[in-house]
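Observations on the three-dimensional arrangement
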Amino acid sequence: MTDAVMRTALPAKKPNIYVEAFKEASVTAVLVFLLSVYMVGLQTQASQGQPLSFTTRFADVFWACILVPCGRYLIALDRQGLHLPALIGGIVSFVYLFGVGTFGLAGSLAYDTFPHPFDEPMVNIIFGLGGIYIFGAAYHGTRTRRHGGLTIDQREAKEQRSASWARRMSGILGPMLVGVAVVIPVFMPFSPWSGATRQVVETLVLILTYVMLGWGLNIVVGLAGLLDLGYVAFYAVGAYTYAKLSTELGLNFWECLPLAGILAASFGVMLGFPVLRLRGDYLAIVTLGFGEMIRIVLINWQDFTGGPNGIGSIPKIDFFGLPFERKAPPGEDTFASFFGLDFSTSHRVFFLYYVILVLALITNFVTIRLRRLPIGRAWEALREDETACRALGINPTNTKLTAFAIGAMFAGFAGSFFASRQGFVSPESFVFIESAQILAIVVLGGMGSQVGVALAAILLIGLPEVMRELSLYRMLFYGMCMVLIMLLRPRGLLAHREPTIQLKKRGYSR
Amino acid sequence: MDWFPYFLQQLINGLTLGSVYGLIAIGYTMVYGIIGMVNFAHGDVYMIGAFQAMIMLLICGALGISWVPAILLLMLIVSVVLTAAYGWTVERIAYRPLRGSSRLAPLISAIGMSVLLENYVQLVQGPRPKPVEPLIRGGFQLMGGGADNSFVVQLGYMQIVIVMITIILMGAFAMAIGNTSLGRQQRACEQDMKMASLLGVNVDRTISLTFVLGAALAAVAGMMVTLYYGNNDFFMGFVAGIKAFTAAVLGGIGSLPGAMLGGILIGLIEAFWSAYFSAEYKDVAAFSILVLVLIFRPTGLLGRPEVEKV
Amino acid sequence: MSAAAATSVALPDDTLLTVEHLTMRFGGLVAVEEVTFEAKRRQITGVIGPNGAGKTTLFNCITGFYKPTTGRLSLHRDDGPPLLLEQMDGYLIGQKARVARTFQNIRLFPGMSALENLMVAQHNKLMRASGFTFLGLIGMPGYRRAEAEAKEKAVRWLERLGMVNLADDPAGSLPYGAQRRLEIARAMCTDPVLLCLDEPAAGLNPRESAELNHLLLEIRDQIGIGILLIEHDMSVVMGISDHIVVLDYGRKIADGTPTEIQRDPAVIRAYLGEEEKDDR
């Protein structure tokens, strides 16, 4: 029951807020018990040749049934205007649980000296994050609910402030990120982490690939408002195009790149044409199915795709004809010999880094450009109101199709790059989780915000790479992120919308 | 008539599978009918139902309960109750706060919920598939198997149980929706949520109950699949979810008999496709049907056309 | 009916839209039945009728949102044979036939600025100028010129409606009256030959309503296109319409000049019975 219902249901006598909050907390306790008693309390164990067995974990259930209702109690009090308990409880539980969990993650002995509710350090951290959520909600409450909520003007002003903050941040961060990205490989050898240069640059290559994919998907989801859950299918098309063309026809990376883009775009058109007339949620599920379909075909079409083993020994990227090899065939140059350098495996990594950086920046540039063209405006208009678009004589299917195809094209480019970096492709790289990951990046960054997407990619891809302990929980966090962002800040972290054309040069302020 | 025994066997298998899809499809169709969104997490709710039933089965084994009807009843009750709690929670956390917001927000939240549930189960129950010992073995031998060594047509007891449970549940469910005040409130909310709330229908509660009912039926489907196939993993809801959604669309989204009909058709198509064409591409067949239906008959077999309000 | 046919023979050039025997059924419900009338160039044709008379359905048929069950809708052009609207896809009616419309419940692009709304309306022209995106992407001067022209046109409309200072504000945050006006400007930016307005005065105060009258007369006289107008506000309809069609229960009950309509016994009957319901 929402509190709104509660309030209207009992208008006459003023209920005791502590009792009410306690009631809510009890309901939550029952619910948490139901949710966790089997799923968490009993862990099934499957081992080879043995019948299924289980072990118990009731301590975790117990603590979940204590902590979550406590949080609910604090939130319930906070809703009634009692912010202090939530502020204190939230921050204390955050500091304690998060701290203990971090000790545990770090493998410190302190983990055992402090009592901790859950064995798994990460679970303590997750509950700690719940504490900071309560704190944040209460803090927000103290600022806004003091006089019985915001007026419309205040809310609008607040939104404007947050938008202008996002605009300023994007304005500063955008060029800064590009600058840092350009010089990082050059400065790495002179930094204290010079030993890890190669690993760092490789991680950055991975991040940039996702930045590019995020920007590509942003055209489809952010601008045109089409939820594409099979984006990874186009990535796969690009990757396999490069793999096939290079291994069988001997084409090099630069020849394959446009072909991969075109092929992926045509797949986008082929898929999009029948389904783009449909409502948004149908589109989402059809693309979801399509992503899965491509994967099944890749696994089963043994002769063409190599089945589950994929395609191996794909030629690696070369420097416009000069290979990055230790030794060249007689009479030819390698990259190192041509430039008179000592051979190093890092050369290829550095080159890959700049290739993906340029590809990503091209994606960004084209997107920004497209947004200001009639097609981009039509995408955004379609996102806002399709019916009105039709009344204005805009062909909705074709307009959506272009967004779909252009998004697919960038995924094709990225896929081609991926194949040339990896040297092999297999269906395993193109599962639904990848699509979900890219979508999470776009959603977290802010649909339509270029800088936001880049930051989200750094956060969501880079962080688990740096902290290996997180990688098990990575997808759990992605799921939580998507839900939380939709609940709290549906337009993303850095959400602002700059008009594509302005009458006055600088924003007209009221 | 050489083909007939083989055909009959596929028919039996298809109907069994179709019952499962039909039960899941009802969850999609009801939610779509009432709030007009695809509950992407529904497939995962079904997966959770399967896990809860599996754990209950293990507990029965540990407690030494061996009377099959008792085990079935316990599995049914426990998995329905516990999974319904998941259905309720999903709606409460991920969808209710977003009611009335933009079109995309609940969809993304639903995807997030789906990813969250899958990975939660992976973390708490481990990533490996869980093999379950079949509880009910054997069946009737309908045809063949004589001296001529012809194709044996088997009708397993488990298959009978599945179809029977589905029919009973569907009957009960149709009566419940048709004759109770909950059913009326649901239909009122479907027509016009604002007006229904003005007339005193508790819209929040009605929607929650819709999710609870959908989850309960999905839990039954999960339980049956656990007993029939006996190989549960955290990802099982993904493909089953898409297929059940296909079933709901095929039958006409928003229509309860449509969902059941669609489920059975998808089950049959899958069984026959696997038997006569290729088992590897059976999922591709289901998705192709989804696309074809959406192109040629987006209202499905039993759905009513939507009139766009301008 | 016969009178209308006679005029169309007498002055064929003036007729812009002929609606003949238009019927629209939804299942068993007949929303519009056998409606026949004409709209002329440089005229404002009002469509009135009690609630549920089928006015908006009629509009939706004309603008391609519904496919009529039977009947013919022809749009007469200066060049070439008439276009049969009932056979065209929804968006083509805006694109090729140049019939523009507004909506009863305003449908702007709320997140986009007022100026952008007007730019979107010139989409088809700009798409051609941008060489279907390719030339625009590489920044050809031809496209830049076209865009500047489109912007100028949009700004002219904003000036005309006295909302040029709101040009960069999101359309969704504009005051109600401004949103109504912007929607009309957006429809006008598509260069229509026929403008269909679905209750443009709804929710406007008397002063805004008077301004609207003035604007519509200006559009009629200066731009010279035909206007089809659904309206409940009698002061608007009677004040500016050249010709009025009255619908009741999906049928046309009267057709004529405002003075004729005001005296028509069928109209009086239809309205007096429904007065309370209808009077907003």
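A quick note: this is a predicted structure, and the numbers were derived from the prediction, not measured.

**Here we look at the overall build of chain C**
Tallying secondary structure elements over chain C gives 13 helices and 10 strands in all. Against the 2.2 N^0.38 benchmark of 19 Å for 280 residues, chain C shows a C-alpha radius of gyration of 19 Å, consistent with a compact globule. Principal axes of the C-alpha set define a box for chain C whose edges measure 65 × 40 × 40 Å. Counting the 280 residues in chain C, one finds 58% classified as buried. Just so you have it, chain C exposes about 12,000 Å², and 53% of that area is on carbon and sulfur atoms. Across chain C, 31 positive and 37 negative side-chain charges occur, with their mean positions spaced 5 Å apart.

**Details of the interface of chain A and chain B**
Put simply, an interface is often sized by how much accessible area is lost when its parts join up. If you look at the interface, chain A gives 60 residues, while chain B gives 73 residues. A buried area of about 6,000 Å², summed over both sides, lies between chain A and chain B, and 74% of it is on carbon and sulfur atoms. When the area that chain A buries against chain B is broken down by residue, the three leading residues are A:Tyr38, A:Met39 and A:Tyr282, summing to 13%. Put simply, chain A and chain B have 0 salt bridges between them. Summed over the shared surface of chain A and chain B, the number is 8 residue pairs in polar contact (both at pLDDT 80 or more). Of all the secondary structure elements, the ones that give two or more residues to the side of chain A that touches chain B are helix H2 (17-39), strand S1 (42-45), strand S2 (53-56), helix H10 (253-275), helix H11 (280-300), helix H16 (386-391), helix H18 (432-445) and helix H20 (474-488) of chain A. Broken down by class, the residue content of the side of chain A that touches chain B amounts to 42 nonpolar, 12 polar and 6 charged.

**Here we look at empty space enclosed by the protein**
Under the counting rule described, the total for this entry stands at 4 cavities of 30 Å³ or more. The space that makes up the largest cavity amounts to roughly 100 Å³. In terms of lining, the largest cavity is formed by 14 residues, of which the most central are A:Leu288, B:Tyr28, B:Phe40, B:Ser114 and B:Phe238. Only H11 of chain A together with helix H2 (42-63), helix H4 (104-125) and helix H9 (236-251) of chain B provide two or more residues apiece to the lining of the largest cavity. With 4 residues, H9(B) is the single largest residue contributor to the lining of the largest cavity. Taken together, the residues of the lining of the largest cavity sort by class into 8 nonpolar, 4 polar and 2 charged.

**Side note on a positive patch on the surface**
Taken together, the side chains of C:Lys96, C:Arg98, C:Lys125 and C:Arg128 present a region of like positive charge at the surface. Within the secondary structure, C:Lys96 is located in the loop between helix H3 (90-95) and strand S6 (99-101).

**Things to note about the side chain of A:Glu380**
The residue A:Glu380 is located in helix H15 (residues 374-384) in this model. Non-local contacts of A:Glu380, meaning those with residues more than four positions away in its chain, are made with A:Leu223, A:Arg371, A:Arg497, A:Thr500 and C:Met112.

**A few points about the confidence of the model for chain C**
Any region with low pLDDT has predicted coordinates that should not be read closely. Residue and element names in this part refer to chain C. The predicted model of chain C has a mean per-residue pLDDT of 80, with 92% of residues at 70 or higher. Averaged over each element, pLDDT in chain C is lowest for helix H1 (residues 2-10) (41) and highest for helix H4 (residues 114-121) (89). Below pLDDT 50 for its whole length, residues 1-11 participates in 7 contacts with residues either more than four positions away or in separate chains.

**Describing the domain arrangement of chain C**
Residues and elements named next belong to chain C. Here the domain parsing of chain C yields domain 1 (2-98 + 192-278) and domain 2 (110-190). Interface of domain 1 and domain 2: buried area, both sides summed, is about 1,200 Å²; carbon and sulfur atoms make up 64% of it. Scanning the region where domain 1 abuts domain 2 turns up 1 salt bridge. Here glutamate 218 ties to arginine 160 by a salt bridge, and the two come within 3.1 Å at their closest N and O atoms. Viewed at the interface, domain 2 and domain 1 are joined by 4 residue pairs in polar contact (both at pLDDT 80 or more). Only strand S7 (194-198) and helix H9 (206-223) provide two or more residues apiece to the side of domain 1 that touches domain 2. At 7 residues, the largest contribution of residues to the side of domain 1 that touches domain 2 is made by H9. Residues of the side of domain 1 that touches domain 2, tallied by class, amount to 11 nonpolar, 3 polar and 4 charged.

**Let's talk about a nonpolar patch on the surface**
On the surface, A:Val178, A:Val182, A:Val183, A:Val186, A:Phe187 and A:Phe190 cluster together to form a nonpolar patch covering roughly 560 Å² of accessible area. Within the fold, A:Val183 resides in helix H7 (residues 152-187).

**Digging into the sheet that holds strand S3 (residues 44-48) of chain C**
All names here are of chain C. Pairing within the open sheet is mixed, and its 6 strands lie in the order S6-S7-S8-S3-S9-S10. A single partner strand is all that each edge strand has here, and the edge strands are S6 and strand S10 (251-256). Each strand of the sheet is rotated relative to its neighbour by a mean of 20°, with strand direction disregarded. By the bridge criterion, 4 bridges tie S3 to strand S8 (residues 226-230) in an arrangement that is parallel. Opposite isoleucine 44, over in S8, you have isoleucine 227 as the bridge partner. In this fold helix H2 (residues 55-62) packs onto S3, S6, S7, S8 and strand S9 (243-248), with an angle of close to 145° to the strand it touches most, S8.

**What about the packing of helix H1 (residues 3-35) of chain B against H2(B)?**
Residues and elements named next belong to chain B. Where H1 meets H2, the axes come as close as 10 Å, and the angle between the chain directions of the two elements is 130°. On the basis of the axis angle, H1 is oblique to H2. H2 is crossed by H1, and the crossing has right-handed handedness. Together, Val20, Ile24, Gly27 and Tyr28 of H1 and His42, Gly43 and Tyr46 of H2 make up the contact between the two elements. Looking at the contact of H1 with H2 residue by residue, the classes come out as 4 nonpolar, 3 polar and no charged.

**So, the side chain of C:Ser113**
Within the secondary structure, C:Ser113 is located in the loop between S6 and H4. Not counting chain neighbours up to four residues away, the residues in contact with C:Ser113 comprise A:Arg497, A:Pro499, A:Ile501, C:Ala167, C:Asp168, C:Asp169, C:Pro170 and C:Ala171.

**Examining the interface of chain A and chain C**
Each side of the interface is counted separately: chain A has 33 residues, and chain C has 41 residues. Buried surface at the junction of chain A and chain C, summed over both partners, amounts to about 3,300 Å²; 63% is from carbon and sulfur atoms. Looking only at chain A, the three residues that lose the most surface to chain C are A:Leu392, A:Ile501 and A:Leu503, adding up to 21% of its buried area. For the pair chain A and chain C, the interface holds 2 salt bridges. Where C:Arg107 meets A:Asp385, a salt bridge forms, and the shortest distance between an N and an O atom there is 2.8 Å. Linking chain A to chain C there are 5 residue pairs in polar contact (both at pLDDT 80 or more). Here the side of chain A that touches chain C takes 7 residues from H15(A), the largest share from any one element. When the residues that make up the side of chain A that touches chain C are grouped by side-chain class, the tally is 17 nonpolar, 5 polar and 11 charged.

**Considering unusual backbone geometry**
Residues and elements named next belong to chain C. The residue histidine 21 is not glycine, and still its phi comes out positive at about 50°. Note on placement: histidine 21 falls in strand S1 (residues 15-26). What makes histidine 21 partly exposed here is its relative accessible area of 44%. Residues other than glycine seldom take positive phi values, yet tyrosine 249 does so here, at roughly 50°. Here tyrosine 249 shows up in the loop between S9 and S10. Classification of tyrosine 249 as exposed rests on a relative accessible area of 61%.

**Some thoughts on the pattern of salt bridges**
A full pass over the atoms with the stated rule returns 28 salt bridges over all chains. A salt bridge links C:Glu33 to C:Arg251; the nearest nitrogen and oxygen atoms lie 3.3 Å apart. Note that C:Glu33 is positioned in strand S2 (residues 29-40) and C:Arg251 in strand S10, a separation of 218 residues in sequence. Residue C:Glu33 is classed as partly exposed on the basis of its relative accessible area of 26%. Among the ionic pairs, C:Asp221 bridges to C:Arg220, the shortest N-O distance being 2.9 Å. One salt-bridge network, in which partners are shared between bridges, spans A:Arg371, A:Glu380, A:Arg383 and A:Glu384.

**Observations regarding the layout of surface pockets**
Its boundaries defined by the atoms lining it, the second largest pocket holds a volume of some 700 Å³. Lining the second largest pocket are 29 residues, with A:Thr402, A:Ile406, C:Phe132, C:Thr133 and C:Phe134 sitting closest to its centre. Among the elements of the structure, H10, helix H14 (346-371) and helix H17 (396-422) of chain A together with H3, helix H5 (123-129) and helix H6 (134-137) of chain C are those that each provide at least two residues to the lining of the second largest pocket. Here the residues of the lining of the second largest pocket sort into 19 nonpolar, 9 polar and 1 charged.

Each value, and the rule that gives it
- Residues numbered from 1 in each chain as written.
- Chains lettered and ligands numbered in written order.
- Predicted model: local features only at pLDDT ≥ 70, side-chain atom pairs only at ≥ 80, totals over all residues.
- Heavy atoms only, no water.
- Helix = DSSP H or I, 4+ residues; strand = E, 2+ residues; numbered from the N terminus.
- Rg over C-alpha atoms; globule rule 2.2 N^0.38 Å.
- Buried < 20%, exposed > 50% of the residue type's maximum accessible area, 1.4 Å probe, protein only.
- Areas by Shrake-Rupley, 256 points an atom, 1.4 Å probe, with all protein chains shown as cover.
- Lys, Arg positive; Asp, Glu negative; His and termini not counted.
- Charge placed at Lys NZ, Arg CZ, Asp CG, Glu CD.
- Contact = heavy atoms within 4.5 Å.
- Buried area = accessible area lost by both parts, 1.4 Å probe.
- Salt bridge = Lys/Arg side-chain N within 4 Å of Asp/Glu carboxyl O.
- Polar contact = N/O pair within 3.5 Å; in protein donor to acceptor, adjacent residues only side chain to side chain.
- Nonpolar A, V, L, I, M, F, W, Y, C, P; charged D, E, K, R; others polar.
- 1 Å grid on protein atoms, 1.4 Å probe; cavity = no way out; pocket = protein on both sides within 12 Å on 5 of 7 lines; lining within 4 Å.
- Points joined across faces, edges and corners; volume = space filled by probe spheres on them.
- Patch = residues over 30% accessible without salt bridge, like charges linked within 9 Å, V, L, I, M, F, W, Y side chains within 5 Å.
- pLDDT = per-residue confidence, 0-100.
- Domains from an automatic or database assignment.
- Pairing = 2+ DSSP bridges.
- Axes fitted to C-alpha atoms, helices over the stretch in contact; angles between N-to-C directions.
- Parallel < 35°, antiparallel > 145°, perpendicular 65-115°, else oblique.
- Left-handed = near helix turned anticlockwise from the far one by under 90°.

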